[in-house]
There are 2 protein chains.
Amino acid sequence: MNTKKSITFIGAGNVATHLAKAFFSKGFNISQIYSKSLTNAITLANKVNAVPIHNLSDLTDENHIYIVCLKDDVIEQVLNQITIKQKLIVHTSGSIDMNVFSKEGFENYGILYPLQTFSKDKDVNIDEVPFCIEANTTENENKLVGLAKSLANNVQLINSDQRKKLHLAAVFACNFSNYMYTIADELLVKNNLDLNLLKPLIIETANKIKDAKPALMQTGPAKRNDKAIIEKHIQLLADSKDYQDIYKLITENIFKNS
Amino acid sequence: MNTKKSITFIGAGNVATHLAKAFFSKGFNISQIYSKSLTNAITLANKVNAVPIHNLSDLTDENHIYIVCLKDDVIEQVLNQITIKQKLIVHTSGSIDMNVFSKEGFENYGILYPLQTFSKDKDVNIDEVPFCIEANTTENENKLVGLAKSLANNVQLINSDQRKKLHLAAVFACNFSNYMYTIADELLVKNNLDLNLLKPLIIETANKIKDAKPALMQTGPAKRNDKAIIEKHIQLLADSKDYQDIYKLITENIFKNS
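These remarks concern the structure in this document. (Residues numbered from 1 in each chain as written. Chains lettered and ligands numbered in written order. Predicted model: local features only at pLDDT ≥ 70, side-chain atom pairs only at ≥ 80, totals over all residues. Heavy atoms only, no water.)

### Let's talk about the relation of the copies chain B and chain A
Selection criterion: A least-squares fit on C-alpha atoms brings the copies together, and the residues used are those whose pLDDT is at least 70 in both copies. Only heavy atoms enter the contact rule, under which two residues are in contact if any of them lie within 4.5 Å.
When chain B is fitted to chain A, the best match, at an RMSD of 0.0 Å, comes from turning it 180 degrees and sliding it 0.0 Å along the axis. A rotation of that kind, with that shift, is consistent with a two-fold axis. Identified as the residue of chain B closest to the rotation axis by C-alpha distance is S177 of chain B, at 2.3 Å. Most of the interface of chain B is mirrored in chain A, where 100% of its interface residues are also at the interface.

As structure tokens, this is what we get:
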């Protein structure tokens, strides 16, 4: 007898794929996979033994939970088309308020926000992904916490306000860091150098935050206010006003806060 | 019979400590450790069975190589006080030109630049540290490549111009990334949230560059020009003009280059 809950996914992108596979591997029944692209629905459905659909009217109301893994800007319009309003439904976004569900008339809803960046072809160790939970009732909250704990160890209750600030912090820590890597890569390529030279340093810099607050690990010319080097760097960036501006602004900030 | 070269370190900070211990563990004889602080010289010397000194006039000329691991802004003045001018001498800095040695009358010199961030109490896997080599003659170059290869696998010839650009790229990839972590940490603390929530994401973001160019891995509101979220984030940063400015400038750049 299958005592595990059954789950339907609305969306078949990276987040849906990683979550569906993770729940499937833990013995959950994945019921339906919806995507507006039937091909995408089929691709994921095949991996988790589910039924692919590409019309929201084909959603069955027999599932325990509906997980919406869609781009932020389409969540509301898709919710508007879902007519099953009583069952527990969640989204996985860092920045969309939970009240998007009440606005669309849902009765049982919440957030299941996995704080990780999911790539198409790269496995993620789901146990270590922090899950942020919010729900409209304590009962739903308990259900979602239980669900998340079946996948991962770090499950926390985070309200919508906190979640937005967490998402903002993640933009700095991840999106902007990645852009710093991008600038570095471009500077290297221009000079016939290879990013491989910097990879160990980049990974060590990230790993250091496991042990100490990043403010304490700050190094470099800005930190020690080494004006001669800073001036040379600004000159070396003479052919990119944009990178010069970024260099100056961040350097100034690091120095001010040192 | 000990056929390994003997090495003297000028400096007893993080770089000297990691390199001296690494060479010592590979069977090199570490002859003297100089630091202007005798305490620091003794601390490192005890770890590598060397003689601590705190006067440069006590340097003996019996060693094969002298490795200068000092802060950029004191390298030249320390070199000026070293009277042994014939033996092979190198520094480990990313940004100081090799001609600092010729200016000070040295005859055999070069660069041994380990591209890694060394912390006092954190072991580094030295095999994986890229070493950048430059020297004033092919013979010295060969000696330094051999020396570096006895520690690490990725040893490359990099001239002073390239090294400066590599260092500039490292400032973006590492110093500035770390500052992005610092801002994130501060935003979290202000909102009673914990950086632990973001650690897996930060480390995964860094690890992704092993597999793909960072420009291809860019995600987030700036990348998809999600104006609603960007506007909300700018509002959330209302109490920090500095962070707002950084957010705006990097967001604008990511969007422009997408």
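That shown, we press on.
### Quick word on the nonpolar core
Quick reminder of the rule: By convention a nonpolar core is built from buried Ala, Val, Leu, Ile, Met, Phe, Trp, Tyr and Cys residues, the set being connected through side-chain atoms within 4.5 Å. The buried label goes to any residue with under 20% of its type's maximum accessible area, the exposed label to any with over 50%, and the partly exposed label to all in between, with areas taken from a 1.4 Å probe on protein chains only.
Core analysis: the largest hydrophobic core is formed by 118 residues, its most contacted members being I82, F172 and L198 of chain A together with I82, F172 and L198 of chain B. Setting aside anything within four residues of it in sequence, one finds I82 of chain A in contact with I10, L56, L59, I89 and F106 of chain A.

### Observations regarding the sheet that holds strand β8 (residues 155-157) of chain A
All names here are of chain A. Keep this limit in mind: Strands were regarded as paired on the criterion that DSSP finds at least two bridges between them. Per the convention used, a helix needs a DSSP run of H or I reaching at least four residues, while a strand needs a run of E reaching at least two, with both numbered from the N terminus. To get an axis, fit a line to the C-alpha atoms, keeping to the stretch in contact for a helix; angles then go from 0 to 180 degrees between the N-to-C directions.
If you walk across this open sheet you meet the eight strands as β3-β2-β1-β4-β5-β6-β7-β8, and the pairing is mixed. The open sheet has two free edges, formed respectively by β3 (51-53) and β8, since each of these has just one partner strand. Here the strands of the sheet are splayed against their neighbours by 25 degrees on average, with no regard to which way each runs. Its contacts with the sheet put helix α1 (residues 14-25) on β1 (6-10), β2 (29-34), β4 (65-68), β6 (108-114) and β7 (131-135), and the angle it makes with β1 is roughly 170 degrees. Running over the sheet, helix α6 (residues 160-190) touches β5 (88-91), β6, β7 and β8 and is turned about 25 degrees from β6.

### Some words on the pattern of salt bridges
Here is the rule we go by: Salt bridge, as used here: a side-chain nitrogen of Lys or Arg that lies within 4 Å of a carboxyl oxygen of Asp or Glu.
In total, this model carries 18 salt bridges over all chains according to the counting rule given. Bridged by salt links that share partners, the residues D72 of chain A together with R224 and D226 of chain B form one connected network.

### A few points about empty space enclosed by the protein
All names here are of chain A. So the rule is basically this: In the cavity and pocket records, a cavity denotes points on a 1 Å grid over the protein atoms alone where a 1.4 Å probe fits but cannot get out, a pocket denotes an open set with protein on both sides within 12 Å along at least 5 of 7 lines, and lining residues are residues with an atom within 4 Å of a point. Grid points are joined across faces, edges and corners, and a volume is the space filled by probe spheres set on the points. Three categories are distinguished: nonpolar for Ala, Val, Leu, Ile, Met, Phe, Trp, Tyr, Cys and Pro, charged for Asp, Glu, Lys and Arg, and polar for the others, with Gly belonging to the last.
Overall, the coordinates contain three cavities of 30 Å³ or more when judged by the stated rule. Empty space within the largest cavity amounts to approximately 40 Å³. Taken together, K5, H64, I65, L88, K143, L144 and L147 make up the full set of residues lining the largest cavity. Considering every element that reaches the lining of the largest cavity, the biggest residue donor is helix α5 (residues 138-149), with three residues. Of the residues contributing to the lining of the largest cavity, the split by class is four nonpolar, one polar and two charged.

### Details of helix α2 (residues 38-47) of chain B
All names here are of chain B. Operational definition: By construction, the arc corresponds to the directions joining the helix axis to the C-beta atoms.
Here α2 has its buried residues at A41, L44 and A45. Down the axis of α2, the buried set is contained in an arc of 105 degrees. They therefore lie on one face. Exposed and oriented more than 90 degrees from the buried face of α2 are T39 and N46. For α2, the secondary structure elements touched by its buried residues are α1 (14-25), β2 (29-34) and β3 (51-53). Phi for N49, located one or two positions after α2, is positive at around 60 degrees.

### Notes on the interface of chain B and chain A
So the rule is basically this: Between N or O atoms, a polar contact is any pair within 3.5 Å; within protein, one atom must be a potential hydrogen donor and the other a potential acceptor, and residues adjacent in sequence are included only when both atoms are from side chains.
At the junction of the two partners, chain B supplies 87 residues and chain A supplies 87 residues. The closest approach of N and O atoms between K213 of chain B and D185 of chain A, which form a salt bridge, is 2.7 Å. Joining chain B to chain A, the criterion identifies 31 residue pairs in polar contact (both at pLDDT 80 or more). Counting only elements with at least two residues in the side of chain B that touches chain A, the list comes to α6 (160-190), α7 (199-208), α8 (227-236) and α9 (241-256) of chain B. The leading source of residues in the side of chain B that touches chain A is α6 of chain B, at 26 residues. By residue class, the composition of the side of chain B that touches chain A is 46 nonpolar, 23 polar and 18 charged.

### Structural notes on the environment of G27 of chain B
Residue and element names in this part refer to chain B. Within the element layout of this structure, G27 appears in the loop between α1 and β2. Since its relative accessible area comes to 38%, G27 is described here as partly exposed. Residues G27 and N253 lie 226 residues apart in sequence; the distance between their C-alpha atoms is 50 Å.

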